[in-house]
Number of protein chains: 2
Amino acid sequence: MNDSRKYILKIAFQLFMQKSYKEVTLKEIVEKTKLSKGAFYHYFPSKEQLFMEVIDSYYYAYLNVDYLKFSQDNLKDFYNGILEQMQAEINKMSTEFQVDDKVVPMNYYLLIFDAINLLPGFRKRVIEISDREFEQWRKIVSTARAKGEISSPMTDELIAKTFIRINDGAGIYFILEGNVEKMNFEIKELWDAFYNHIKT
Amino acid sequence: MNDSRKYILKIAFQLFMQKSYKEVTLKEIVEKTKLSKGAFYHYFPSKEQLFMEVIDSYYYAYLNVDYLKFSQDNLKDFYNGILEQMQAEINKMSTEFQVDDKVVPMNYYLLIFDAINLLPGFRKRVIEISDREFEQWRKIVSTARAKGEISSPMTDELIAKTFIRINDGAGIYFILEGNVEKMNFEIKELWDAFYNHIKT
DNA sequence: TCCCATAAACCGAACGTTCGGTCTGTTATT
DNA sequence: AATAACAGACCGAACGTTCGGTTTATGGGA
């Protein structure tokens, strides 16, 4: 079946988050999947194609958040919704990506950097996703201000960016530290604190 | 002389910020430096040693900020000092690292990721540097509160972290976008805005 | 139930290429 | 003359990929 195919994708995803594209060898993929080179090339035409599919099935699937799922008229509910979803994804990955009691490093920036170098147009898509994220934040901030939930001399845009940059900043820090699980707790702390400053 | 040596280091630094360690080949280094393999191995015993020296002479030199240079009793002066230094470094790199009117990508996170994989103990040093950075922020925030410059329900620690995370978040965003030059402007905007909220 | 045809799943030796690194030789500098 | 600075032919290991072949699973005819 395509169990093997999916398994290759999963292992490859883990490896591409641990080391760069070039550092991940076919030998390693074959060993970790307990398959052979022949079996691998039965499912994928090339290592590069595998990488592209990893990006498609994992990066775009996990990080392409649908913001309409969250509250559209209350800022606090909105960001708590995001926090919940992030926590759910981290939990999912933590249980799924365990090898010998050790959670595999989840450095998705490594994945993104390689994708930018390998896939033409990828950077543009990342920027588009960021723009969409920003637009969603800006909208809910604007709504929250209109409804009297918040009041601040800051523009909507700056408030939105502050939330987003805190998120990304904590993200890259805990990736470097190697403790992605702690990430969400800090983001919540910082978001809550900032929210208290701008709430009416 | 060691002009060639320094030139190799410079070119290598640029390359290691553009692509991962494995993707940067000796062939490319030799071509870009207009030297030969013989010349390269006259100055460096190995590619790995070159990488280590790049880390030493660039990463530790540029990013290991001395916070005592900045104001120790006024928060706003403190962070404006940091902004000035960051701008100076960006300007320096922008003029120095130009090839055919194009500024070479300054993805220092790529450098850090490779260093973590290659150099044992590097992650710990990164964390130590982060901890020192945090401690400096915490101290100046504490002082600013004591002197009545700021007043906020937030703890010193959370205020310090907010400044830092905004910085890092903007950093990684503009690296992904490929516009490191715009970074500082946004950080200043966000820091100023946040500062206005906590200032007395 | 057994056999056989077909295809999917899988294997690993072998290939050409590229890698980091070595070695021998030449030129420039002091 | 001696040494530093460089050049480039050369090496073995490792890389991604190919390919001929084997095993396993499936289904229809007798």
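Preceding block: the structure.
Nothing here was measured: the structure is a model prediction, and the numbers come from that model. (Residues numbered from 1 in each chain as written. Chains lettered and ligands numbered in written order. Predicted model: local features only at pLDDT ≥ 70, side-chain atom pairs only at ≥ 80, totals over all residues. Heavy atoms only, no water.)

**Q** What exactly am I supposed to notice about the packing of helix α4 (residues 47-63) of chain B against helix α6 (residues 108-118) of chain B here?
**A** Helix packing geometry: the angle between the two helix axes and the distance between the axes. Residues and elements named next belong to chain B. The contact between α4 and α6 brings their axes to 11 Å, and the two run at 130 degrees. On the basis of their axis angle, the class for α4 and α6 is oblique. Crossing geometry of α4 relative to α6 is assigned as left-handed. In this structure, α4 uses Glu48, Phe51, Val54, Ile55, Tyr59 and Leu63 to contact α6, whose residues at the interface are Tyr108, Leu111, Ile112, Asp114, Ala115 and Leu118. (Axes fitted to C-alpha atoms, helices over the stretch in contact; angles between N-to-C directions. Helix = DSSP H or I, 4+ residues; strand = E, 2+ residues; numbered from the N terminus. Parallel < 35°, antiparallel > 145°, perpendicular 65-115°, else oblique. Left-handed = near helix turned anticlockwise from the far one by under 90°. Contact = heavy atoms within 4.5 Å.)

**Q** In this structure, what is going on with the protein's contact with DNA strand C? I would like to understand it.
**A** DNA strand C sits among 17 residues. The nearest are Gly38 and Tyr43 of chain A together with Leu26, Lys37 and Lys47 of chain B. Expressed as a percentage, the sugar and phosphate content of the atoms of DNA strand C within 4 Å of the protein is 58%. Here Ser36 of chain A contributes a backbone N or O atom positioned 2.8 Å from a phosphate oxygen of DNA strand C. The separation between a phosphate oxygen of DNA strand C and a polar side-chain atom of Tyr43 of chain A is 2.5 Å. Listing elements by their share of the surface near DNA strand C, those giving two or more residues are α3 (37-43) of chain A together with α2 (26-33) and α3 (37-43) of chain B. Per-element tally for the surface near DNA strand C: the top contributor is α3 of chain A, with five residues. A per-class count over the surface near DNA strand C returns seven nonpolar, six polar and four charged. (Near = heavy atom within 4 Å. Polar contact = N/O pair within 3.5 Å; in protein donor to acceptor, adjacent residues only side chain to side chain. Nonpolar A, V, L, I, M, F, W, Y, C, P; charged D, E, K, R; others polar.)

**Q** Teacher, can you tell me more about the protein's contact with DNA strand D here?
**A** Taken together, 16 residues lie around DNA strand D, and Leu26, Tyr41 and Lys47 of chain A together with His42 and Tyr43 of chain B are the ones closest in. The sugar and phosphate moieties of DNA strand D supply 64% of its atoms located within 4 Å of the protein. One of the backbone N or O atoms of Gly38 of chain B is found 3.0 Å from a base oxygen in DNA strand D. The side chain of His42 of chain B places a nitrogen or oxygen atom 2.8 Å from a phosphate oxygen of DNA strand D. Contributing elements (two or more residues each) for the surface near DNA strand D: α3 of chain A together with α3 of chain B. Per-element tally for the surface near DNA strand D: the top contributor is α3 of chain B, with five residues. A breakdown of the residues in the surface near DNA strand D according to their chemical character gives seven nonpolar, six polar and three charged.

**Q** Sorry if this is basic, but what is going on with the nonpolar core here?
**A** Most often, soluble globular proteins keep nonpolar side chains buried together rather than apart. Counting 150 residues, the largest nonpolar core has Leu75 and Trp137 of chain A together with Leu75 and Trp137 of chain B as the members making the most contacts within it. Here Leu75 of chain A is in contact with Trp137, Ile140, Val141, Ala144, Glu149, Ile150, Phe163, Tyr195 and Ile198 of chain A, once residues within four sequence places are set aside. (Core = buried A, V, L, I, M, F, W, Y, C linked by side-chain atoms within 4.5 Å. Buried < 20%, exposed > 50% of the residue type's maximum accessible area, 1.4 Å probe, protein only.)

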